[in-house]
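Spelled out, the chains give:
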There are 4 protein chains.
Amino acid sequence: MTGAQDSGSDPAFAEAIRDQAEATIAMRRDLHRHPEVGWTEFRTSALVREAIVALEPDTLRFGATLYDGLDRLGVPDDEILAAAMGRAAAAGVSESELEPMEGGFTGLAADLVGSGPGPVIAIRADLDGLPLSESDADTHYPARAGFRSQVDGVMHACAHDAHTAVVVSVARALHRMRDRWAGRVRLLFQPAEEGTRGADAFVRLGLLDDVDAVLTFHILSNVGLAAGEIAPGVSDMLPTEKFVVRFTGTPSQFASSPERGRNALTAASGVTLLAHAIPKRPGSRSMINVGRLVSGTAANIVPASAVLTGEIRSDRMDEVAELAAAFKALSSGVASGFGVESAYEVTGYATNPRCDVGLMDRIAVDAEHAGLAVREPVSLGASDDASLMIDRVQQRGGVGTYVAISGGAYHPHHSPDFDIDDRVLPAVVELMVRSVVDLSGSGIPVGT
Amino acid sequence: MTGAQDSGSDPAFAEAIRDQAEATIAMRRDLHRHPEVGWTEFRTSALVREAIVALEPDTLRFGATLYDGLDRLGVPDDEILAAAMGRAAAAGVSESELEPMEGGFTGLAADLVGSGPGPVIAIRADLDGLPLSESDADTHYPARAGFRSQVDGVMHACAHDAHTAVVVSVARALHRMRDRWAGRVRLLFQPAEEGTRGADAFVRLGLLDDVDAVLTFHILSNVGLAAGEIAPGVSDMLPTEKFVVRFTGTPSQFASSPERGRNALTAASGVTLLAHAIPKRPGSRSMINVGRLVSGTAANIVPASAVLTGEIRSDRMDEVAELAAAFKALSSGVASGFGVESAYEVTGYATNPRCDVGLMDRIAVDAEHAGLAVREPVSLGASDDASLMIDRVQQRGGVGTYVAISGGAYHPHHSPDFDIDDRVLPAVVELMVRSVVDLSGSGIPVGT
Amino acid sequence: MTGAQDSGSDPAFAEAIRDQAEATIAMRRDLHRHPEVGWTEFRTSALVREAIVALEPDTLRFGATLYDGLDRLGVPDDEILAAAMGRAAAAGVSESELEPMEGGFTGLAADLVGSGPGPVIAIRADLDGLPLSESDADTHYPARAGFRSQVDGVMHACAHDAHTAVVVSVARALHRMRDRWAGRVRLLFQPAEEGTRGADAFVRLGLLDDVDAVLTFHILSNVGLAAGEIAPGVSDMLPTEKFVVRFTGTPSQFASSPERGRNALTAASGVTLLAHAIPKRPGSRSMINVGRLVSGTAANIVPASAVLTGEIRSDRMDEVAELAAAFKALSSGVASGFGVESAYEVTGYATNPRCDVGLMDRIAVDAEHAGLAVREPVSLGASDDASLMIDRVQQRGGVGTYVAISGGAYHPHHSPDFDIDDRVLPAVVELMVRSVVDLSGSGIPVGT
Amino acid sequence: MTGAQDSGSDPAFAEAIRDQAEATIAMRRDLHRHPEVGWTEFRTSALVREAIVALEPDTLRFGATLYDGLDRLGVPDDEILAAAMGRAAAAGVSESELEPMEGGFTGLAADLVGSGPGPVIAIRADLDGLPLSESDADTHYPARAGFRSQVDGVMHACAHDAHTAVVVSVARALHRMRDRWAGRVRLLFQPAEEGTRGADAFVRLGLLDDVDAVLTFHILSNVGLAAGEIAPGVSDMLPTEKFVVRFTGTPSQFASSPERGRNALTAASGVTLLAHAIPKRPGSRSMINVGRLVSGTAANIVPASAVLTGEIRSDRMDEVAELAAAFKALSSGVASGFGVESAYEVTGYATNPRCDVGLMDRIAVDAEHAGLAVREPVSLGASDDASLMIDRVQQRGGVGTYVAISGGAYHPHHSPDFDIDDRVLPAVVELMVRSVVDLSGSGIPVGT
């Protein structure tokens, strides 16, 4: 922990951080004004790219080439992609910037290198907003202060705007003091965290395979932290699987030949109801929700298609897998019972790694130096696909954590009134910078 | 039709019939007092056997040997068989009579031969009663006249007692005047008509394969015939399939390990509900009923078994088959969706043959000679597995019909108050005897 | 029938008809190019209005004033109305023409008067197209001949374009020879026949109350008529009720507080399945279809709303009412079982009047004079809310029929390939004109 | 704790206990041979009564007068009561003993008094067996040793035979040394613990209202205690509610008039499925099981009645109540949706009191004196209606506990192979006697 203390008392260090303070808040508000849902973060990715390119990274992967032909989970329809790309163009993103992202290939991965050999430390930011209309009430600060979402029906209601701005500032500060740290910092700007969709591709791309420590974090308003407080890790990340089931039957004119139809709605509503009957272990936090069902065309046609959207949550990884298998079996059983086809598609998932104790201890010290009050790890009770990254790093012998940072006591996440007090962001930047310097200088702590 | 007229004016003929009148009614009332449900007609079969053996039949098949190792549909549980056999023994049926019927091998098939070569004419009686407690109201004639069912929970509420008594008397009369007719009369005393279970075995045994004309009949109180009226045939026999589906899951203690259970009741109630969604052709009379469901043991156990009893009816044979296939697919689909096994078992069925016009014409004349008023064929709107016999005979080039005979305007079939005016029975015996003599003497009429 | 014969041999008459031939076909094709769904027939209504105004009608009701504050069934959402109005404006309909129709007040009712007192004869045309994309195959004549729908997702696939063009031409011909007929002709250009929505308002407005004879007709490709053939009436119009049920529950974050949600999708899918279990009379043509279900927003939210669209059909009016009551009871029962609200809304209906024999006889003669081959009344087996108009006229002592006209043997109605051979239209115009002249001259025949 | 130590070293005390050892085991085996299900413990109650009467109790309530006209939960059908009473008579219970219990009024409550004033201490035994056929395998000790159940389909598979025998012996020992303790001991021989049915009546009768300490106990094979070990209390008693819902519809002949039926099976299977959709709090141990469904009569009848048996469990009392309310609402909602009546009847329930720490401490000391090894309180994870008694006593300011006693590591409760090592029973008797003497001599410890 010597490193952390050293940097703390270093005026150059303090200056590098301080210089980013305003830029961080400004970038967060700019992103807030231009939210983009998962896999459509065209403008966001372009801005990030511009910022990172200026730092002369050792490597930078972007656009379709980043994904190297890999399948991605939960990519939206072409129409949604096209509309979002249109908005990005209208907002000033150039054709040449957009082109490599066509098809929703958003996100960016880049490596900065320090001075001399050292560990590989990854930092993750998530880029996407939510399909939600932001409040325009006077009581809503972004509305009052003029940085409310300009896109009807899309909103940053989960602080990813802040996460992105923080990691850009961290990168700038690290670049500026690159003689103060060793090794390599991997910047992971991940698309589509909502629906726990995007991390899977980053993990399968191998971006975490050589990482010694992965730092993930979230600004949270609902875990009992007061303003200015952080927890260096969390427990109770909720394993989850998100899915879509598509039922395909045969249409027919109902009044004249119903017997020729194969009713996809009957199958889908049967599955929707019967899914509740899938047994769960007593006392586990296992749950299945069908959150959306769309089927059919008109009153006089036997519905030939149905699309069901749902999710499984549990505090047990094995039970998520069991329930997913049961849901699949049920869908295909009931569908086959009516001569209907069903196809189950995973659109996202997350796991529940343990945050490493040694790493949390280091971050706690770094946080205090950054002027943040440190609390015990909090119970998250929610899902984040950062979990996949932590899992992978731990599997390869490295360490990881998920730092919880108070966003001030505002409205719940995913609500039209959600907001954070962004005056905390400079301290978060400082925490991340200190952590990198600290970890790079003294070796990676061993997980427990 | 000369034959019929001749016999009508023949005093010996009249005497042969007249002598049976009292015996017919007496036997009907005796059988009424001792009803036996399908495949348990032990006492009934023994009585019939005794009567037929006395007529020195050319062939007689009885007991297990009658069935020749063939599977039968809808045979009840061993307990039910044992209880019924106990009742038959208590009612005086000897051990040696009962023994060949052990396992529910009731019924009898016998051939009488006339004088010289001639056609094979089959007459069918059904033997079984219903699982129903007979009324003991003073307004119920069998109660008042002292021949109410002596077996609690079993009752002849569909006139099969009368059918059996009639055919025994017909056999006696034909035996007595066996020089007056040619060929061969096959007497078919069929078990288990209720649930349309028994005829299938008789048909598969080949008992109809060489038959030139098959005469089946029913005393009916609900088809619009007044007392003393008959219709020489019916339309609208309803095709049907009866079935049982057994669901087998895995039990588990619900409070401690529900996830280890495979809930047969969930599957069975799912099928019970979803079966209504199987599409039917518009305007067809197609229907599916789940009439009974029994599942589970106690509140705190995940149900591991369920038995569902149902039937399909339609005015279209093809739709019965389609709906049965759909029900089977649904059962196995839903069951598999919950890790439960399902087994669909056909327990009975019936078809909808057309009654032959030429044969109906002959019977109409015979009926008038027997003093019965003849009406147009009536619409049956119900199922009888006599249909299988008519079908088979027609497939082999013969003819058949299903004669409807008024039982007087009493209570509905299958009700505790059902009764018939049995004074009509001697005329029915005469009709059948005249028909045999008529048909044997003049060749079998060609169907249309 | 003297009148009909007279007009047939009258050169002025022949000329009046002949002059409309080309215009009828041209107008049909123009309308075909610009289809508009129910209650959005803005351009269609404006064109019809222009044509009828030129004929100096005695009365003309149009726009919101036509409906006199009356509720209408099945009016689409504001967005759909606005989009359609925008298309009409873009197609050249002026602001002043559109303004009175704002809110979907389409359609028109006008009276022409003949020379001297006589009966009131109503003729009905329906105006609307279907939400369907028209085929662009070379084999599809409208595509080849250049009059395919210019509106993506909307199509005249039920010949209402032809009906409208015919009645406009009939009006023109009647106007030209107004000295040849007596009384009053009521032209009813009804919106929203699809979904059997529009006639209800016309009837409740009293537009049929003083009518002595109502002539309704449909060009049909599926009732067994060959090209050039008509049937002067139909049997088996199918009574129907169309409905929407809206379920309103309470949303909640699924992962954290599912118990606070009231799941509208559970209620709606329960009703969707259980509705199949509503019993129907055996042998009736009674059917219930849930043709569309839309519910919920996202995988992690308990769905708080669901909209179910369905219809009931039967050959029995009483059973339509019974089934509708049962569906309503089921919806409210199941919804209440989950703490969810349900609201059942009728969006359309039709009945099954008998076509008057005397009127059909007259039309048969008129049709032969118009060069059309006349066949027996056909079985329709479909629903049309023209039935409500016939019903009302008959209730007030008048007569009515629904004339079936062959459209040539093309693709099924409501299919992307639907087309008619519009060379038949001039003869249809002639038939209608002859019928009016005939009926006006000789009194209205008495129904049977 | 002086008292306990004193009695421990007292030869008279030791003798009083020792004398009961053989009798306890003998009585347990006699009861094992004659198991009786809840509310039919006729022979058991008569034996207990005989034993207690001999001790000249201060009060004794028995038979119908015990219940004072109060309703009881979950009393079986008259047939089951009659059959069980017949078995009791056949086993030698006299008419005069049986008569007061007619109607299932089994159980007994009696008070013994010590020397001088002191606290009221209640001890509870449960009397009933289970509807289960006992194993006759050689590996099953009761079978080998000749005390297997003589009643087919009934078995003591939850150690209530031992509980009853223990409390009878405790009573005898206390009577013998009644000069050694003060106050009053209330002996509660409660019927129908299975299904948590019987305690409710005892509590509502006021039998616990003046009690200072209530001792309840269970011999358990599944809570991790080794032979000779006890825990002086338990945590995690599971609140539960058991219920029956009766659905009453209208029967009809399915083939002819299904529309006249009101299908109780449709309603009941709907509720069975939809009940799974009742939402539960995440992470609670809340569960709903429909364990049994019986409906309908025959394939061709619309089912007019259905009886559904189920239970709710939770670790939260409030959630049991919420789920019960939801199940009731669902039953009545779905039933009303089909014109069917539903009636929800509570047949049993239990709660989750905390065992008092001070009392547990005393019992721990007493147990050690009795030669039993004492372990920490165990997690029960099951329901017992002894909870109602503890609750009531605590509400009135007294204390209570539920002592867990190892029965040896045998087969699971409620299995055909369940057995206990009854050599432990004398020590259990001693523990209870010591506890009474201890508590009576030194005042009742204060709960925490």
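Everything below is about the structure printed above this text.
Quick look at the structure, then. (Residues numbered from 1 in each chain as written. Chains lettered and ligands numbered in written order. Predicted model: local features only at pLDDT ≥ 70, side-chain atom pairs only at ≥ 80, totals over all residues. Heavy atoms only, no water.)

1. Focus: the overall build of chain A
Then comes step 1: In terms of regular secondary structure, chain A is built from 14 helices and 16 strands.
Then comes step 2: Scaling as 2.2 N^0.38, a compact globule of 448 residues should have a C-alpha radius of gyration of about 22 Å, and chain A matches this with 23 Å.
Then comes step 3: With respect to the three principal axes, the spread of C-alpha positions in chain A is 85 × 50 × 45 Å.
Then comes step 4: A total of 448 residues make up chain A; the buried ones form 62% of that total.
Then comes step 5: Taking the contacts inside chain A whose residues are at least 6 apart along the sequence as the reference set, 85% of them involve residues at least 24 apart.
Then comes step 6: Summed over its atoms, the accessible surface of chain A is roughly 15400 Å², and 49% of this surface lies on carbon and sulfur atoms. (Helix = DSSP H or I, 4+ residues; strand = E, 2+ residues; numbered from the N terminus. Rg over C-alpha atoms; globule rule 2.2 N^0.38 Å. Buried < 20%, exposed > 50% of the residue type's maximum accessible area, 1.4 Å probe, protein only. Contact = heavy atoms within 4.5 Å. Areas by Shrake-Rupley, 256 points an atom, 1.4 Å probe, with all protein chains shown as cover.)

2. Topic: the relation of the copies chain C and chain A
Then comes step 1: By a simple turn and slide, chain C fits onto chain A: the slide is 0.1 Å along the axis, the RMSD is 0.1 Å, and the turn is 180 degrees. In symmetry terms, the pair is related by a two-fold rotation axis.
Then comes step 2: Take the interface residues of chain C: 100% of them recur as interface residues in chain A, which is what a same-surface contact looks like. (Least-squares fit on C-alpha atoms with pLDDT ≥ 70 in both.)

3. Details of the packing of helix 2 (residues 11-33) of chain D against helix 8 (residues 160-176) of chain D
Residue and element names in this part refer to chain D.
Then comes step 1: Interaxial distance between helix 2 and helix 8 falls to 8 Å at its minimum, and their mutual angle equals 150 degrees. Taken together, the axes of helix 2 and helix 8 are roughly antiparallel relative to one another. In this structure, helix 2 crosses over helix 8, and the sense of that crossing is right-handed. Contacts from E15, A16, I17, D19, Q20, A23, T24, M27, R28, L31 and H32 in helix 2 reach D161, A162, T164, A165, V166, V168, S169, R172, A173 and R176 in helix 8.
Then comes step 2: Here the residues of the contact of helix 2 with helix 8 are counted per class, giving ten nonpolar, five polar and six charged. (Axes fitted to C-alpha atoms, helices over the stretch in contact; angles between N-to-C directions. Parallel < 35°, antiparallel > 145°, perpendicular 65-115°, else oblique. Left-handed = near helix turned anticlockwise from the far one by under 90°. Nonpolar A, V, L, I, M, F, W, Y, C, P; charged D, E, K, R; others polar.)

4. Side note on the sheet that holds strand 3 (residues 120-126) of chain C
Residues and elements named next belong to chain C.
Then comes step 1: The strand order across the open sheet formed by eight strands is 1-2-4-3-5-16-6-14, and the pairing between neighbours is mixed. The open sheet terminates on both sides in strands that have one partner only, identified here as strand 1 (59-62) and strand 14 (373-374).
Then comes step 2: Where strand 2 (residues 108-113) and strand 4 (residues 184-190) come together, six bridges link them in antiparallel fashion. Looking at strand 4, one finds that L112 is bridged to V185.
Then comes step 3: Each of strand 5 (213-220), strand 6 (229-231), strand 14 and strand 16 (399-406) is contacted by helix 13 (residues 357-369), which is oriented at about 40 degrees to strand 16, the strand it contacts most. (Pairing = 2+ DSSP bridges.)

5. As for the relation of the copies chain D and chain A
Then comes step 1: Superposing chain D onto chain A takes a rotation of 180 degrees plus a shift of 0.0 Å along the axis, which leaves an RMSD of 0.1 Å.
Then comes step 2: Comparing interface residues between copies, 100% of those in chain D also sit at the interface in chain A, which points to an isologous, same-surface contact.

6. Thoughts on the interface of chain D and chain A
Then comes step 1: Counting residues at the interface gives nine residues for chain D and nine residues for chain A.
Then comes step 2: Here chain D meets chain A over a buried area of about 800 Å², counting both sides, of which 71% is carbon and sulfur.
Then comes step 3: Applying the counting criterion to the chain D and chain A interface returns zero salt bridges.
Then comes step 4: At the junction of chain D and chain A, the tally comes to zero residue pairs in polar contact (both at pLDDT 80 or more). (Buried area = accessible area lost by both parts, 1.4 Å probe. Salt bridge = Lys/Arg side-chain N within 4 Å of Asp/Glu carboxyl O. Polar contact = N/O pair within 3.5 Å; in protein donor to acceptor, adjacent residues only side chain to side chain.)

7. Some remarks on the packing of aromatic side chains
Then comes step 1: Considering all chains together, one arrives at 28 aromatic pairs over all chains under this definition.
Then comes step 2: Relative to Y67 of chain A, the ring of W39 of chain A lies with its centre 5.7 Å away and its plane at 70 degrees, an arrangement referred to as edge-to-face. Highlighted residues: W39 of chain A in the loop between helix 2 (11-33) and helix 3 (42-53) and Y67 of chain A in helix 4 (residues 63-67), separated in sequence by 28 residues.
Then comes step 3: An aromatic cluster is present here, built from W39, Y67, F105 and F202 of chain A joined pairwise through their rings.
Then comes step 4: Above the plane of the ring of F105 of chain A lies R72 of chain A, whose end atom (NZ or CZ) is 3.7 Å from the centre.
Then comes step 5: Of note, R72 of chain D hangs over the ring of W39 of chain D, and the distance from its end group to the ring centre comes to 5.0 Å. (Phe/Tyr/Trp six-rings, centres within 6.5 Å; stacked < 30°, edge-to-face > 60°. Lys NZ or Arg CZ within 6 Å of the ring centre and 35° of its normal.)

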